[in-house]
Amino acid sequence: MELYDIAVIGGGINGAGIARDAAGSGLKVLLAEQNDFASATSSASTKLIHGGLRYLEYYELRLVSESLAEREVMLHLAPHIIWPLEFVLPHEKHLRPAWMVRAGLFLYDHIGGRSSLPGSRGVRLAPEGHGAGLKPAFKRGFAYYDAWVDDARLVVLTLSSARAHGASVLARTRCTGAKREGDTWRVALRDQATGSENEVRARILVNAAGPWVKSLLERELDIESTGQVRLVKGSHIVVPRIHDKRHAYILQNPDRRVVFMIPYEREFTLIGTTDVHVTQNELPPAISDDERAYLCAAASRYSAREITADQVVWSYSGVRPLYDDGKEDPSAITRDYVLQLDEQGPPLLSVFGGKITTYRKLAEQVMAKLVRWIPARRPWTHTEALPGGDFDGRDFESVLGEYRARYSALDPHWLARLLRRHGTLGETILAGAKTESDLGENFGGGLYERELAYLIGQEWARAAEDVLWRRTKCGLHMDEAQRRRVAERMADGQ
């Protein structure tokens, strides 16, 4: 029976980050995920690396400070999938007075330390500029910067890095049970595709199961836990683009929540999110009619074009496994993380809460908490770029320019999309292609045979939805027949 230093259960962003940090620190690591990687919460975020401007109202100063510092780190580690994004906040004085907004933005500019992003400022909401797509009644606002992230790709690239550092990374492998035996854990695993079962031993067990963190403890491990998790569903809708500018909007609502309208995949606008309590029995989540209506109404309060449910081309929902701090308002529950260590025998560490922005820092804290059982090593993940992000000091546009010059016969817009997904790893997919036909079958939506083969061979993709909605967003640009063709092609290759 194989022995690992650490076994991580859960292949979302927190599990991926922990596996990467541990493997790069010289430990023997196993990670097991019951479904596809990032198939739950970690592919259903608002896709932001941000400090959380609204968290300031709940005095989450430590979380905001850490998140803003991490925003700076992540912009350098993954410049292909993370990039600056300007946000415009149309001002409505009856919701929040201007002095409060200015004070919050001033704190936001400075609390995280030095930033490479521009500071906040007041702006005039002209229809040809910062007010594009808005009702003409909105005249003034504020602008500030955060960062955009392709969340599902962040998970896969983090896992690719973990694998490169020696970790064993298993998709569609369910932990069916684990028990302490002497100074190790005996962990039972089941391959979800074949049904085959095997067991491994681990000196340390990490429970990073996200929405299932509590149920894993109680059902598979038979352990009572004092930690509580509050499941809060967040849903998003995608509609044809509301404006053709690059900035996003952060909208205030009468219920004091905020909703984002973000440029998405060039042709669309992403609108989200909601905050709705759900139970374990409501997993996996799906958007409700009420949520859809709420998001349409929130956007329509500001948009010059009314947003209606029949315009929605895609929607998705995720469940945030928030640490239960006793607050009734879902928006007020802390987005901070809590690491619970059980030392009744070989250690068990459970991750409650967290947010995608701070996943790397969370992993560092996990390693620090386990230092009694593992060799102490200096943090390293803040310096090594994620796969494809080794731009050597160049910005994205410079790297893209080099690729367009090298592959001048290929569609320059498609090359940009490929580089946004894979960075310098795109060279593996292109591999000297001179013409479009060299890329193999064109499935539509910007997906070619070569990339599909790469996603299957290098990124654990097994089903069409893995490719169309997580490894890429090509499904959004395809019709049903094209999506079905990808499914058929993948079924043929199994």
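For the structure, check the block above.
Residues numbered from 1 in each chain as written. Predicted model: local features only at pLDDT ≥ 70, side-chain atom pairs only at ≥ 80, totals over all residues. Heavy atoms only, no water.

**Considerations on the overall build of the protein**
Rules: Secondary structure elements follow DSSP: runs of H or I no shorter than four residues count as helices, runs of E no shorter than two count as strands, and numbering proceeds from the N terminus. We compute the radius of gyration over the C-alpha atoms and compare it with the globule rule, which gives 2.2 Å times the number of residues raised to the power 0.38. The cut-offs for exposure are 20% and 50% of the maximum accessible area for each residue type, with area from a 1.4 Å probe on protein chains only; residues under the lower value are buried, those over the upper are exposed, and the others partly exposed. The accessible surface values rely on the Shrake-Rupley method and a 1.4 Å probe; as for residues, cover is taken only from the protein chains in view. Under this rule, positive means Lys or Arg and negative means Asp or Glu; His and the chain ends count for nothing. Here the site of a charge means atom NZ of a Lys, CZ of an Arg, CG of an Asp or CD of a Glu.
A count of helices and strands for the protein gives 13 helices and 20 strands. Since a compact globule built from 494 residues should have a radius of gyration of about 23 Å, the 22 Å found for the protein is in line with a globular shape. Across its three principal axes, the protein shows a C-alpha extent of roughly 70 × 60 × 45 Å. Counting every position in the protein, which comprises 494 residues, the buried fraction comes to 57%. A total of about 20400 Å² of accessible surface is found on the protein, and carbon and sulfur atoms cover 50% of it. A distance of 4 Å separates the average location of the 64 positive side-chain charges in the protein from that of its 65 negative side-chain charges.

**Brief notes about the nonpolar core**
Basically, it comes down to this: Definition used in this section: a nonpolar core is a set of buried Ala, Val, Leu, Ile, Met, Phe, Trp, Tyr and Cys residues joined via side-chain atoms within 4.5 Å.
Ile6, Ile18, Met74, Ile82, Leu154 and Leu159 are the most contacted members of the largest nonpolar core, which has 49 residues in total. If one sorts the elements of this core by residue count, helix 4 (residues 151–164) sits on top with 7 residues.

**Section: unusual backbone geometry**
Cis geometry is found at the peptide bond from glycine 272 to threonine 273, where omega equals 15°. Mapping threonine 273 onto the fold places it in the loop between strand 14 (268–272) and strand 15 (276–277). The omega angle of the peptide bond from leucine 283 to proline 284 is -5°, so this bond is cis rather than trans. Residue glutamate 265 is not a glycine yet carries a positive backbone phi of 50°.

**Describing the environment of proline 375**
Along the chain, proline 375 turns up in the loop between helix 7 (359–369) and helix 8 (396–406). A C-alpha to C-alpha distance of 9.0 Å links proline 375 and glycine 26, two positions 349 residues apart in sequence.

**Side note on the packing of aromatic side chains**
So the rule is basically this: Centres within 6.5 Å make a pair out of two Phe, Tyr or Trp rings, where for Trp the six-membered ring is used; the pair is then stacked when the planes are under 30 degrees apart, edge-to-face when over 60, and tilted otherwise. Definition used: whenever NZ (Lys) or CZ (Arg) falls within 6 Å of the ring centre and also within 35 degrees of the ring normal, the charge is taken to sit over that ring.
Under the defined criterion, the tally for this structure stands at 13 aromatic pairs. Consider the rings of tryptophan 83 and tryptophan 148, whose centres lie 6.4 Å apart with planes at 45°: the pair is tilted. Of this pair, tryptophan 83 sits in strand 4 (residues 82–90) while tryptophan 148 sits in strand 6 (residues 140–149); the two residues are 65 residues apart in sequence, bridging distant segments of the chain. The interplanar angle of 25° and the centroid separation of 4.7 Å between the aromatic rings of tryptophan 314 and tryptophan 469 together place this pair among those described as stacked. Highlighted residues: tryptophan 314 in strand 16 (residues 314–323) and tryptophan 469 in helix 12 (residues 464–471), separated in sequence by 155 residues. Tryptophan 314 gets classed as buried once you look at its relative accessible area, which sits at 17%. Given a relative accessible area of 21%, tryptophan 469 falls into the partly exposed group. Taken together, the ring pairs in this structure connect Phe87, Tyr108, Tyr144 and Phe260 into an aromatic cluster. The ring centre of tyrosine 4 lies 5.1 Å from the NZ or CZ of lysine 28, which sits over that ring. The lysine or arginine in question, arginine 406, covers the ring of tyrosine 403, its NZ or CZ lying 4.8 Å from the ring centre.

**Regarding the environment of serine 65**
Selection rule: A contact between two residues is defined here by any heavy atoms of the two lying within 4.5 Å.
Note that serine 65 resides in helix 2 (residues 61–77). For serine 65, a relative accessible area of 25% puts it in the partly exposed group. Each C-alpha atom, one on serine 65 and one on glycine 112, is 4.4 Å from the other, the two residues being 47 residues apart in sequence. Excluding residues within four positions of it along the chain, serine 65 makes contact with Ile111 and Gly112.

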